[in-house]
Amino acid sequence: MQWTTPSPDLPTELTVQIMDFAAQGSFEAAQSISLVSTWARGIALPHLFSTVVIRFKPAYSMGMASGARDSPHARMSRPQAWGHLVRNLWVESSGIANAPKEEEILRACLNLENIALKSLSLRTLPSSLKHSAVSPTPGWTPDEPRDPPRCYLRSVTLITHTLRYEWHSLANIQLRDGTMLLHNITHLHLLEMTISSFSPHDLLPNLTHLALPYLDLGNDFRQDNLRLPVGVLEHRSLKMIVLTVTEGRWLTNPWYQISRYPGKATNSPRAAFCHLVDTLRKRDDRLHAVLSPRLGVDPCEEWANAARGGPSLWGNAAQARLDRSCYGADLPDTYPKEIRR
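Residues numbered from 1 in each chain as written. Predicted model: local features only at pLDDT ≥ 70, side-chain atom pairs only at ≥ 80, totals over all residues. Heavy atoms only, no water.

Student: If you had to explain the packing of helix α1 (residues 12-25) against helix α3 (residues 38-48) to someone new, which residues and values would you point to?
Tutor: At a minimum axis separation of 9 Å, α1 and α3 run at an interaxial angle of 35°. As for how α1 packs across α3, the hand of that crossing is right-handed. Mapping the contact onto sequence places T15, V16, M19, D20, A23 and Q24 in α1 and W39, A40, I43, A44 and H47 in α3. (Axes fitted to C-alpha atoms, helices over the stretch in contact; angles between N-to-C directions. Helix = DSSP H or I, 4+ residues; strand = E, 2+ residues; numbered from the N terminus. Left-handed = near helix turned anticlockwise from the far one by under 90°. Contact = heavy atoms within 4.5 Å.)

Next comes the structure, spelled out in structure tokens:
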């Protein structure tokens, strides 16, 4: 016969705090707590839907995940049921056919702070944010006073390259809370710039953090010149400029294998990366280099992990600046033999 220890008779307030703390610390714990009871589900939902990833797939209706790997055949619930809980949203559209769904999702996310999307989806932002800035929170009644409408969006990640005309249409958009749409953006991360090297930093007067893909800009670290979009180093409000280096390309593309320095040569990817970091810092103290995405890591996974409280791109850059041993610490000393030159 097995004996079980009865649960301690704790005050309700303490039980709620314990569950909230557990749900905040682990997505799996939040899932388990949401299955306990109706009131426990209310504690877990804000943590389950704080970060949401939605990927539209042509072969299926939609793929949605708030953390776990979902079936591509899963149906998405109405965004009005969970949208107000979302703070971080990755929405990846597969084409214009999904534009209405995408706009519906954005309208439902009343408290959105951090968004990742394709550049073609920028056209849905003005109408969606104008709607969300004046939408009452769920449960609000006409007899209750309403808080002043606000736009919470501060961080934008672009999954695909972007063009100037996509941003010029946003330049004069004023939201119902009286703020200018582009004036709210403080963090911008461009994941891909192989086709277009345009960066909209000059349209974002309050931008403090900018991340650009170093290798996409045509940079050759064997040369002294540094290629950046025009005006980046002259932007007055920028405090941190992170140049991301795709680890897979750094290790496997033969064009990046040999760096020639004055009187020095190296075949070490780690030494080359450390030299790159030092060179950038001498050029401008705001310049950082970070390996991102890491080998075998999907950019979406990396973004979602940071949104849920894991290491962020900006945090990694700041930490590496404090501790030089962090520069390329996981890189090998030599390149793979099969691709050496």
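Resuming the write-up.
Student: Can you explain the pairing of strand β5 (residues 155-158)? Please cite residues and give values.
Tutor: By the alternation rule, side chains of β5 split into S155 and T157 and V156 and L158, which are all buried. As paired elements, strand β4 (residues 114-117) and β5 share four bridges and run parallel to each other. Residue L117 lies in a different strand from β5, and its bridge partner there is L158. Across four bridges, the pairing between β5 and strand β6 (residues 187-190) is parallel. Paired with S155 across the two strands is H187, which belongs to β6. (Buried < 20%, exposed > 50% of the residue type's maximum accessible area, 1.4 Å probe, protein only. Pairing = 2+ DSSP bridges.)

Student: For the packing of aromatic side chains, give the residues involved together with the corresponding values.
Tutor: One pass over the full model with this rule turns up three aromatic pairs. Summarising the aromatic geometry, the rings of W250 and F273 are spaced 5.8 Å apart at their centres and angled 85° between planes, so their arrangement reads as edge-to-face. With W250 in helix α7 (residues 247-252) and F273 in helix α8 (residues 269-283), the pair connects residues that are 23 residues apart, well separated along the chain. Using a relative accessible area of 2% as the deciding quantity, one classes F273 as buried. (Phe/Tyr/Trp six-rings, centres within 6.5 Å; stacked < 30°, edge-to-face > 60°.)

Student: Break down the confidence of the model for the protein for me, citing the residues and quoting the values.
Tutor: Taken residue by residue, the protein gives an average pLDDT of 79. The fraction at 70 or more is 76%. Of the regions scoring below 50 in pLDDT, residues 59-64 engages in 20 contacts with residues more than four places distant in sequence or in other chains. (pLDDT = per-residue confidence, 0-100.)

Student: Give me the lowdown on the pairing of strand β11 (residues 287-291), citing residues and values where you can.
Tutor: In terms of burial, β11 is largely enclosed, as five of its five residues are buried. Taking every second residue as pointing to the same face, both faces of β11 are buried, with L287, A289 and L291 on one and H288 and V290 on the other. Across five bridges, the pairing between strand β8 (residues 240-245) and β11 is parallel. Bridged to V245 within β11 is L291.

Student: Help me get a handle on the nonpolar core, residues and values and all.
Tutor: Formed by 73 residues in total, the largest nonpolar core has its most connected members in L89, I115, W167, L212, W250 and F273. Counting residues per element, this core draws most heavily on α8, which supplies six residues. If we skip the residues at most four places from it in the chain, I115 touches L89, V91, L106, L125, L153, S155, V156 and T157. (Core = buried A, V, L, I, M, F, W, Y, C linked by side-chain atoms within 4.5 Å.)

Student: Account for the packing of helix α2 (residues 27-34) against α3, naming residues and giving values.
Tutor: Interhelical geometry of α2 versus α3 gives an angle of 150° and a closest axis separation of 8 Å. Relative to α3, the element α2 lies roughly antiparallel. Where α2 crosses over α3, the handedness of that crossing is left-handed. Residues F27, A30, Q31, I33 and S34 of α2 form the contact with α3, whose participating residues are A40, R41, A44, H47 and L48. (Parallel < 35°, antiparallel > 145°, perpendicular 65-115°, else oblique.)

Student: Any details on the side chain of S196? Residues and values, ideally.
Tutor: Among the secondary structure elements, S196 is positioned in the loop between β6 and β7 (209-213). Residue classification places S196 among the buried positions, given a relative accessible area of 10%. Polar contacts involving the side chain of S196 include one to the main-chain carbonyl oxygen of T162, which spans 2.8 Å. Beyond its immediate sequence surroundings of up to four residues, S196 is in contact with H161, T162 and L163. (Polar contact = N/O pair within 3.5 Å; in protein donor to acceptor, adjacent residues only side chain to side chain.)

Student: Which residues make up α2, and what are the values?
Tutor: Those residues of α2 that fall on the buried side of the exposure criterion are F27, A30, I33 and S34. Taken end-on, α2 shows its buried residues confined to a sector of 120°, consistent with a single buried face. The inward-facing, buried residues of α2 abut α1 and α3. (Arc of directions from axis to C-beta.)

Student: I'd like a description of the pattern of salt bridges, backed by residues and values.
Tutor: If you walk through the whole model with that rule in mind, you get 13 salt bridges. A salt bridge links D298 to R55; the nearest nitrogen and oxygen atoms lie 3.0 Å apart. With D298 in the loop between β11 and α9 (299-307) and R55 in strand β1 (residues 51-55), the pair connects residues that are 243 residues apart, well separated along the chain. Overall, R55 belongs to the partly exposed group, its relative accessible area being 28%. Between R321 and D285 there is a salt bridge whose closest N-O contact spans 3.3 Å. On the criterion of sequence distance, the pair formed by R321 in helix α10 (residues 313-322) and D285 in the loop between α8 and β11 is long-range, its members being 36 residues apart. (Salt bridge = Lys/Arg side-chain N within 4 Å of Asp/Glu carboxyl O.)

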